[in-house]
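Understanding the architecture of this molecule
Chain residues, written in single-letter form:
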Amino acid sequence: MIAHQISIFAENKPGRLAKVTSVLASKKINIRAITISSSDEFGVINMIVDDPDKAYRALSEAGLTVSLKPVVAVLMPDRPGGLDKLVHALSDRGINIENAYGFVLESWEKAVFILEVEEVEKTLEALEESNYKTLDAEALASIEPFHYMKY
Amino acid sequence: MYWESSVETMEREALEALQLERLQKTVSDASLSVFYKKLFSNIDLEPADIKSLDDIRRIPPTTKDDLREAWPYGFLAVPKEKLVRMHSSSGTTGRATVIFHTAGDLDAWTDVLARSMYMAGMRNTDVFQNMMTYGLFTGGLGFHYAAEKIGALTIPAGAGNSKRQIQLMKDFNTTVIHIIPSYALHLTEVFEEMGVGPRKDLNLRLAFLGAEPHSEKTRQKIEEYYGVKAFNSYGLSEMNGPGVAFECPLQNGLHIWEDNFLVEVIDPRTLEPVEDGQEGELVLTTLKREGMPIIRYRTKDLTRIIPGHCDCGRTHRRIDRITGRTDDMLILKGVNIFPIQIEKKLMEIPEVGNNFLIILEREGYNDLMIVRVEVQKEIFSGDLKQLENLRRKITEDLRSDILITPRVELVEPNTLPKTEGKAVRVIDNRKE
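Here the structure is a predicted model, which means the values were calculated and not measured.

A closer look at the nonpolar core
Residues and elements named next belong to chain B. Core analysis: the biggest nonpolar cluster contains 41 residues, and Tyr-36, Tyr-234 and Leu-284 have the highest contact counts within it. Here Leu-284 is in contact with Leu-236, Met-239, Val-244, Ile-256, Phe-261, Leu-262, Val-263, Ile-294, Ile-295, Arg-296, Tyr-297 and Thr-299, once residues within four sequence places are set aside. Counting residues in each nonpolar core, the second largest holds 29 residues, with Leu-330, Ile-342, Ile-358 and Ile-402 among its members.

What to know about a nonpolar patch on the surface
A contiguous nonpolar patch, built from Leu17(A), Ile34(A) and Ile36(A) and spanning about 250 Å² of accessible area, is present on the exposed surface. Relative to the assigned elements, Ile36(A) resides in strand β2 (residues 31-39).

With respect to the domain arrangement of chain B
All names here are of chain B. In terms of domain boundaries, chain B breaks down into domain 1 (5-327) and domain 2 (338-428). Put simply, the middle of domain 1 and the middle of domain 2, counted by C-alpha atoms, are 33 Å apart. Overall, the association of domain 1 and domain 2 removes approximately 890 Å² of surface from exposure, summing both partners, and the carbon and sulfur fraction of that is 49%. Taken together, the connections running from domain 1 to domain 2 amount to zero salt bridges.

Description of the packing of aromatic side chains
All names here are of chain B. Across all of its chains, the model carries 17 aromatic pairs over all chains by this definition. Aromatic side chains Tyr-36 and Phe-40 sit 5.7 Å apart centroid to centroid with 35° between the ring planes, which places their arrangement in the tilted category. Separated by four residues within a single helix, Tyr-36 and Phe-40 lie in helix α3 (residues 34-43), roughly one turn from each other. Residue classification places Tyr-36 among the buried positions, given a relative accessible area of 0%. Owing to a relative accessible area of 3%, Phe-40 belongs among the buried residues under this scheme. Their ring planes at 35° and their centres at 5.9 Å tell us that Phe-143 and Phe-208 sit as a pair that is tilted. Here Phe-208 lies in strand β6 (residues 206-209) and Phe-143 lies in helix α6 (residues 138-150), a separation of 65 residues in the sequence. By the burial criterion, Phe-143 is buried, and Phe-208 matches it.

Here's the deal with the domain arrangement of chain A
All names here are of chain A. On domain assignment, one finds that chain A holds domain 1 (3-70) and domain 2 (71-150). Taking only C-alpha atoms, the centre of domain 1 and the centre of domain 2 are 22 Å apart. Between domain 1 and domain 2, the residue contacts involve 13 residues of the former and 14 residues of the latter. Area buried by domain 1 at its contact with domain 2 is led by Ala-3, Arg-32 and Ile-48, which between them contribute 46% of it.

Structural notes on the sheet that holds strand β20 (residues 426-428) of chain B
Residue and element names in this part refer to chain B. Spatial strand order, β19-β18-β17-β20: four strands in an open sheet with mixed pairing. What marks the edges here is a single partner per strand, and that holds for β19 (407-411) and β20. The mean angle between the axes of side-by-side strands here comes to 20°, regardless of whether they run parallel or antiparallel. Note that strand β17 (residues 352-363) and β20 share three bridges and pair parallel. When the bridges of β20 are listed, Ile-358 appears paired with Val-426. Against the sheet, helix α11 (residues 339-347) makes contact with β17, β18 (366-375) and β20, and its axis sits at roughly 135° relative to β17, the strand it touches most.

Considering the pairing of strand β6 (residues 110-117) of chain A
Residue and element names in this part refer to chain A. The element β6 is extensively covered by neighbouring structure, given that seven of its eight residues are classed as buried. Bridge count for strand β4 (residues 65-77) against β6 is six bridges, and the pairing is antiparallel. Paired with Leu-75 across the two strands is Val-112, which belongs to β6. Bridge count for strand β5 (residues 97-106) against β6 is eight bridges, and the pairing is antiparallel. Paired with Tyr-101 across the bridge in β6 is Ile-114. Between the antiparallel neighbours β5 and β6 lie three residues, among them Trp-108 with a positive phi of about 65°.

Observations regarding the confidence of the model for chain A
Summing up the model confidence of chain A, the mean pLDDT is 88 and the portion of residues at 70 or higher is 94%. No element of chain A has a lower mean pLDDT than helix α5 (residues 137-142) of chain A, which averages 75, and none a higher one than helix α1 (residues 16-26) of chain A, which averages 95.

As for the interface of chain A and chain B
Chain A puts 23 residues into the contact, and the matching count from chain B is 18 residues. Summing both sides of the interface, chain A and chain B together bury roughly 1600 Å²; the carbon and sulfur share of this comes to 54%. One can count four salt bridges joining chain A with chain B. Glu41(A) is the partner of Arg391(B) in a salt bridge, and the nearest nitrogen-oxygen pair spans 2.9 Å. Taken together, the connections running from chain A to chain B amount to eight residue pairs in polar contact (both at pLDDT 80 or more). Those elements that place two or more of their residues in the side of chain A that touches chain B are β1 (3-11), β2, β3 (42-49) and β4 of chain A. Here the element with the most residues in the side of chain A that touches chain B is β1(A); it accounts for five residues. Tallied by class, the residues present in the side of chain A that touches chain B amount to seven nonpolar, 10 polar and six charged.

Re the packing of α11(B) against helix α12 (residues 384-402) of chain B
All names here are of chain B. Remark: α11 packs on α12, axes separated minimally by 10 Å, with the N-to-C direction vectors making an angle of 140°. With respect to their mutual orientation, α11 and α12 come out oblique. For the pair α11 and α12, the sense of crossing is right-handed. Packed against α11, whose contacting residues are Gln-341, Ile-342, Lys-345 and Leu-346, the element α12 presents Ile-394, Asp-397, Leu-398, Asp-401 and Ile-402 at the interface. Here the residues of the contact of α11 with α12 sort into five nonpolar, one polar and three charged.

Rules and cut-offs
- Residues numbered from 1 in each chain as written.
- Chains lettered and ligands numbered in written order.
- Predicted model: local features only at pLDDT ≥ 70, side-chain atom pairs only at ≥ 80, totals over all residues.
- Heavy atoms only, no water.
- Core = buried A, V, L, I, M, F, W, Y, C linked by side-chain atoms within 4.5 Å.
- Buried < 20%, exposed > 50% of the residue type's maximum accessible area, 1.4 Å probe, protein only.
- Contact = heavy atoms within 4.5 Å.
- Patch = residues over 30% accessible without salt bridge, like charges linked within 9 Å, V, L, I, M, F, W, Y side chains within 5 Å.
- Areas by Shrake-Rupley, 256 points an atom, 1.4 Å probe, with all protein chains shown as cover.
- Salt bridge = Lys/Arg side-chain N within 4 Å of Asp/Glu carboxyl O.
- Helix = DSSP H or I, 4+ residues; strand = E, 2+ residues; numbered from the N terminus.
- Domains from an automatic or database assignment.
- Buried area = accessible area lost by both parts, 1.4 Å probe.
- Phe/Tyr/Trp six-rings, centres within 6.5 Å; stacked < 30°, edge-to-face > 60°.
- Pairing = 2+ DSSP bridges.
- Axes fitted to C-alpha atoms, helices over the stretch in contact; angles between N-to-C directions.
- pLDDT = per-residue confidence, 0-100.
- Polar contact = N/O pair within 3.5 Å; in protein donor to acceptor, adjacent residues only side chain to side chain.
- Nonpolar A, V, L, I, M, F, W, Y, C, P; charged D, E, K, R; others polar.
- Parallel < 35°, antiparallel > 145°, perpendicular 65-115°, else oblique.
- Left-handed = near helix turned anticlockwise from the far one by under 90°.

Encoded structure:
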């Protein structure tokens, strides 16, 4: 399954991130994960949100330079060696990771690893063969990171 | 003291008579060129109609656009086999304006530049290091031959390679340098780095500063640091190159060589002459050019005639430092750049948005061009690498055209001032 990441081109100066977050806050869009990569005076804000289409529209309307980018979101165990196993499953098949970041869903239980790759199909196949579950936008949106039931 | 005192100190009346005689020949020669033949027939002018210096105002001025349109041979007044050299204006790899010289033209140019250098104090006992680009640019070869004509030991060092420049100065006891003023300032950092002090370790005594306008303050800085007397040199490739006007030892204005050039200063809007002492656009006519005579050339440089006599005894009038341009040409590190060149290049790149801004800064002693470019919204793929590649491409495309490496900054769409009509696209923060 394919998930979608919101990417925003932003100049590296005060107020740029604030503009993005205020648009999302006003539309009640929830941010699940965020990373920023920058290169001197500009950078790219990457986000996983609960409603990527809505976020894309809202941010575009606000005049921002946005792109909706397909990424692979992998559900993985939050255990020592968990990422190691996942990454080897990809590198063994010669898949290169362009960009990646992760977030914990449930401490010591589940985490999500977001992968930007050039060969999306091949990556999905590789993950399936290794019995990893991938999430789409809807699945990501419905994840409840805090499980009351456990307490 | 004088290279050719009979010319340099000629009485005004005799000088003007000489000018008229040469102007009449120039107009007559020019009428053989495609461009002027047509122009003269349009205004119904016969060369014999030029009976006084003022009659030149019957002829409309010639512009850089005229030179471009008549490119390459439309201004030639002699058969091509008479030509021995070509030069062009600095700064562009596109269709530059080209100037062709006969052997006689080169002799006249060399002579007038040797006269300038001799006036500033250079002699055959000097060691002259020419730190200008050799090639199409006129500053290198022009000074080179003039220095040899004076009989100085000439080191054709060329531009750049700072450490070698300093090593040459040291090893061969260079006494005179020809250098771009911003480069002279930059070089002070290399001197520090190498632990060489120009005043104590070198024998420099004169510096010729050319290829870009500079302030009195910059001159003083250079004189102080290098322990030299620095002289302002003015020229443009359309009028040979350096050697049009030069400072005498009194350093109070630049004598413009009126036996070689007919000088006018006009109001750039009305094209009417201004009073002596008033600022306007310098308009020049070649008086000794055989291959490619140019009549009433609009230099776009702003200056004024300094009224009164000079105590050095030369009767050729003086112009002031160039204070600006009537067009938007930028001069950076001695290279002439028009913002339109940058615009043209940028608009060829599909990822570039509508607006851009050029900012000129001085970092330490270095001039820096920042080009701020809006990114086209539609092309953004969410990839930082894509943006970095785009920045690299823009930098490389500009560098190959304007010959200077700009610092390209990508900005968000619609964040730069809109460019409507003749919007200001250049911010020059280099002013002192």
